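# Structural features, examined
These are the residues of each chain, in order.
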2 protein chains.
Amino acid sequence: MKKLINAIPDVVKEQLEGMAAAHPDELKVHFEPNYVYRADAPVAGKVAIISGGGSGHEPMHGGFVGMGMLDAACPGEVFTSPTPDQMYEAAKAVNSGAGVLFLVKNYTGDVLNFETAAELAHGDGIPVQNILIDDDVAVKDSLYTAGRRGVGTTVLVEKIVGAAAEAGYSLDQCSDLARKANQYGRSMGMALTSCTVPAAGKPTFELGENEMEIGIGIHGEPGQKRMPLTSADEITEMMAMEIINDGAYTRVVREWDRDAGDWYDKSLTDAPFQKGDKVIAFVNSMGGTPVSELYAVYRKLDEVCKANGIEIVRNLIGPYITSLEMAGMSITLMKTDDEILKFWDAPVKTPGLRWGV
Amino acid sequence: MKKLINAIPDVVKEQLEGMAAAHPDELKVHFEPNYVYRADAPVAGKVAIISGGGSGHEPMHGGFVGMGMLDAACPGEVFTSPTPDQMYEAAKAVNSGAGVLFLVKNYTGDVLNFETAAELAHGDGIPVQNILIDDDVAVKDSLYTAGRRGVGTTVLVEKIVGAAAEAGYSLDQCSDLARKANQYGRSMGMALTSCTVPAAGKPTFELGENEMEIGIGIHGEPGQKRMPLTSADEITEMMAMEIINDGAYTRVVREWDRDAGDWYDKSLTDAPFQKGDKVIAFVNSMGGTPVSELYAVYRKLDEVCKANGIEIVRNLIGPYITSLEMAGMSITLMKTDDEILKFWDAPVKTPGLRWGV
């Protein structure tokens, strides 16, 4: 295992210490329980946006804490769900009174722990809503997930809803926007190489010299299929077409009914992409793939979208939701409308995404 | 070789096509000869800043084309110097009449070709100055270089001088600032793994499972030494102390004397770092090392700087001057003053660096 680390039990802590040292204007770090939070939190009158999940996907989520994006992020150990006390303590720390939105990637541990944290916060009278992100079209169920996994769309939802909260959206409005943005986003990933979790010390999986894994998860969970490595164009077209042709997708999410004071199940169906859709295209490195290769992918993705009557109106290209040093990439397309574009374009100042300030 | 590419001869062309498709607001790409240039070039009254070098170091240089940084970038084949016609044609395309500054990393091919390009431009009456970037303290001479190699400081110089040109600095003022910023910057790199040049198809060098290379170049050129892999803290301290303790360094650079109409040799000596210096700290991924590990390095670098009376007042952390998918990192420290900080903080809008707009 070749990594720039010290003792394995200190990996997450020391990375967080580095972030705190590097970005005092944007964020602070609380240890035990661990959470990253906005330097100026709580921001008076603003809904607080919190996300979190296992570490190893940096800059997501801690790198997206700051003006215009997250108020707090709760990092678990590498590829391990954070615990409810992290989210609960973070919620108490950043709640200004306007309530807290939990953006939860669809992994069983994350979902359960964010629900427990919400219940603890409700007990304190803090309004909290949980919105699920589940955008990975590759697999129906997976190693850590019932239903679709939450992947690239998460980054876009955090940016968009973060800007909306900054602009004064209420908790219900932020929740509606997050739900819509998730329903508008679809993703798929692939891997050329595995990654190595520090505590494991060996690669999560093995791929032959001429093999790739299509539909990989961000923890190295198995995807759709292994197949011989082919050209960037063929890979891009195959993945883009799965996203574009994905049918209506229905899942049941669990959200909080504030009036009834209880969880309720809600069925949500995503409409497929259509000719004329304007999208944000996000080409993401899984960590080890350099940005130059992402541009080769983007070139073909742009072609495929055009050929299918879909117009890319914004893009994001780089390593934003990674799997440690895994080589590979993911593609996310998110349908947009005026509301989504307005908040995508709004200023953001975080270590991982910054423009307008 | 596992890469997201199509045919090997098309690698650079297709990456440039992807950039052009992705960033039409910032840049355009001219093919044959290849150069990336500002979408709004030439910018009236502004000195044009041009850099270039082999491809494979993305986002440098093409990703730094845009408002507040480069007017043009000339990408060679992977790890291969661009040709004089690229720089000459780029200079003609972006020169507004205020002249052109070539920022040249110290590799023999780059230096010679930028000199030839300058001579061609001088023949057309375009004022051009060549400023050398040579900041790598690891080795005295190297595989492709007489003297120190140009590495991480290049990114910082491009940002700082790009902002100065935007603010109306003359060609001589830009040249003076670039020379000073280079003299204020020192870097050192290390590798955990090799990279693979597409045309070669196999790793540039081999490192054992427990080995690392200290002082590596950005083309995989040999460094100072191979040694057993040790902790992030030990590696960081070793490299930071070499930078901080580096003595007065003298080299002879070749610049253009406009009055005499000829090249002349100029001896320049860099002063060592001193207690009380305020620096920009740049922790760079060689490509395959994830940002999370860079934060572990930054944490220790901050400690080492403090212990030596050096204050980090700005930082840049991420993959900015890479070696394809090589795992490893480099550290750059640049002494600052009010002029440098003012231009570092100025707005920039490029695919690779963006803030303030």
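Since we're looking at a predicted model, the values are computed, not measured.

## Observations concerning the pattern of salt bridges
Considering all chains together, one arrives at 59 salt bridges over all chains under this definition. Taking the shortest distance from any N to any O, the salt bridge between Glu303 of chain A and Lys300 of chain A comes out at 3.1 Å. With Glu303 of chain A and Lys300 of chain A both in helix α7 (residues 291–307), this residue pair falls three residues apart, about one helical turn. Residue Asp246 of chain B pairs with Arg186 of chain B through a salt bridge whose shortest N-O separation is 2.7 Å. Here Asp246 of chain B is found in the loop between α6 (232–244) and β10 (249–257), whereas its partner Arg186 of chain B is found in strand β7 (residues 185–191), with 60 residues between them in sequence.

## Looking at the packing of helix α1 (residues 11–22) of chain A against helix α7 (residues 291–307) of chain B
Closest axis-to-axis distance for the α1 of chain A/α7 of chain B pair is 7 Å, and the angle between their directions is 65°. Crossing handedness for the pair α1 of chain A and α7 of chain B: left-handed. Every residue of α7 of chain B that contacts α1 of chain A at Glu14, Gln15, Glu17, Gly18, Met19, Ala21 and Ala22 of chain A is listed here: Ser292, Glu293, Tyr295, Ala296, Tyr298, Arg299 and Asp302 of chain B. The residue inventory of the contact of α1 of chain A with α7 of chain B, partitioned by class, reads six nonpolar, three polar and five charged.

## Considerations on the state of the cysteines
The tally for this structure, following the rule as stated, stands at zero disulfides over all chains. Cys174 of chain B provides the cysteine sulfur closest to Cys74 of chain B, a residue in no disulfide bond, and the two sulfurs are 17 Å apart.

## Looking at the packing of helix α6 (residues 232–244) of chain A against α7 of chain A
All names here are of chain A. Running from N to C, α6 and α7 cross one another at 45°; their axes reach a closest spacing of 9 Å. Here α6 is positioned oblique relative to α7, judged by the angle of their axes. The chirality of how α6 crosses α7 is right-handed. Between α6, through Asp233, Thr236, Glu237, Ala240, Met241 and Ile244, and α7, the contact on the second element is made entirely by Val297, Arg299, Lys300, Leu301, Val304 and Cys305. Residues belonging to the contact of α6 with α7 are distributed by class as follows: seven nonpolar, one polar and four charged.

## Looking at the environment of Gly76 of chain A
All names here are of chain A. Note on placement: Gly76 falls in strand β4 (residues 72–78). Once the C-alpha coordinates of Gly76 and Gly53 are considered, the two residues, 23 residues apart in sequence, prove to be 5.8 Å apart. Those residues in contact with Gly76, other than ones at most four positions away along the chain, are Val12, Gly53, Gly54, Ser55, Ser81, Pro82 and Gln86.

## Description of the interface of chain B and chain A
Taken residue by residue, the interface counts 51 residues in chain B and 51 residues in chain A. Regarding the contact of chain B and chain A, the summed buried area is about 4300 Å², with carbon and sulfur atoms giving 59% of it. Area buried by chain B at its contact with chain A is led by Lys2, Leu4 and Tyr295 of chain B, which between them contribute 21% of it. Summed over the shared surface of chain B and chain A, the result is four salt bridges.

## Thoughts on the relation of the copies chain B and chain A
Mapping chain B onto chain A calls for a screw motion: a turn of 180° about the axis and a shift of 0.0 Å along it, with 0.0 Å RMSD after fitting. On this basis, the relationship between the two copies can be described by a two-fold rotation axis. A high fraction, 100%, of the interface residues of chain B reappear at the interface in chain A, so the copies pair face to face through one surface.

## Points about the packing of aromatic side chains
According to the stated counting rule, one finds twelve aromatic pairs over all chains in the structure shown. Ring geometry for Trp256 of chain B versus Trp263 of chain B: centroids 5.1 Å apart, planes at 80°, classification edge-to-face. On the basis of relative accessible area, Trp256 of chain B is assigned to the buried category, the value being 14%. Given the relative accessible area of 10%, Trp263 of chain B is considered buried. When the ring centre of Tyr249 of chain A is taken as reference, the NZ or CZ atom of Arg148 of chain A above it lies at 3.8 Å. For Lys335 of chain A, the ring lying beneath its charged end belongs to Tyr184 of chain A, and the centroid distance is 5.1 Å.

## Structural notes on the sheet that holds strand β13 (residues 311–318) of chain B
Where strands meet in a sheet, backbone hydrogen bonds hold them as pairs that are either parallel or antiparallel. Residues and elements named next belong to chain B. One open sheet holds the six strands; their spatial order is β9-β8-β7-β14-β12-β13, and the pairing between them is mixed. Looking along the sheet, the strands with just one partner apiece sit at the ends: β9 (225–228) and β13. If you compare each strand with its neighbour and ignore which way they point, the axes differ by 20° on average. Two elements, strand β12 (residues 278–285) and strand β14 (residues 328–335), share seven bridges in a ladder whose sense is antiparallel. Paired with Val283 across the bridge in β14 is Ile331.

## What about helix α3 (residues 108–123) of chain B?
Each full turn of the α-helix corresponds to 3.6 residues, which orients residues three or four apart in the same direction. Residues and elements named next belong to chain B. With 16 residues, α3 extends 23 Å from end C-alpha to end C-alpha; this agrees with the ideal 22 Å at 1.5 Å per step. As for α3, its buried residues are in contact with β3 (48–55), α2 (84–94), β5 (100–105), β6 (128–133), β10 and β11 (262–270). Phi turns positive one or two residues past the end of α3, at Gly125, with a value near 80°.

About the criteria used
- Residues numbered from 1 in each chain as written.
- Chains lettered and ligands numbered in written order.
- Predicted model: local features only at pLDDT ≥ 70, side-chain atom pairs only at ≥ 80, totals over all residues.
- Heavy atoms only, no water.
- Salt bridge = Lys/Arg side-chain N within 4 Å of Asp/Glu carboxyl O.
- Helix = DSSP H or I, 4+ residues; strand = E, 2+ residues; numbered from the N terminus.
- Axes fitted to C-alpha atoms, helices over the stretch in contact; angles between N-to-C directions.
- Left-handed = near helix turned anticlockwise from the far one by under 90°.
- Contact = heavy atoms within 4.5 Å.
- Nonpolar A, V, L, I, M, F, W, Y, C, P; charged D, E, K, R; others polar.
- Disulfide = S-S within 2.5 Å.
- Parallel < 35°, antiparallel > 145°, perpendicular 65-115°, else oblique.
- Buried area = accessible area lost by both parts, 1.4 Å probe.
- Least-squares fit on C-alpha atoms with pLDDT ≥ 70 in both.
- Phe/Tyr/Trp six-rings, centres within 6.5 Å; stacked < 30°, edge-to-face > 60°.
- Buried < 20%, exposed > 50% of the residue type's maximum accessible area, 1.4 Å probe, protein only.
- Lys NZ or Arg CZ within 6 Å of the ring centre and 35° of its normal.
- Pairing = 2+ DSSP bridges.
- Expected span 1.5 Å × (residues − 1).

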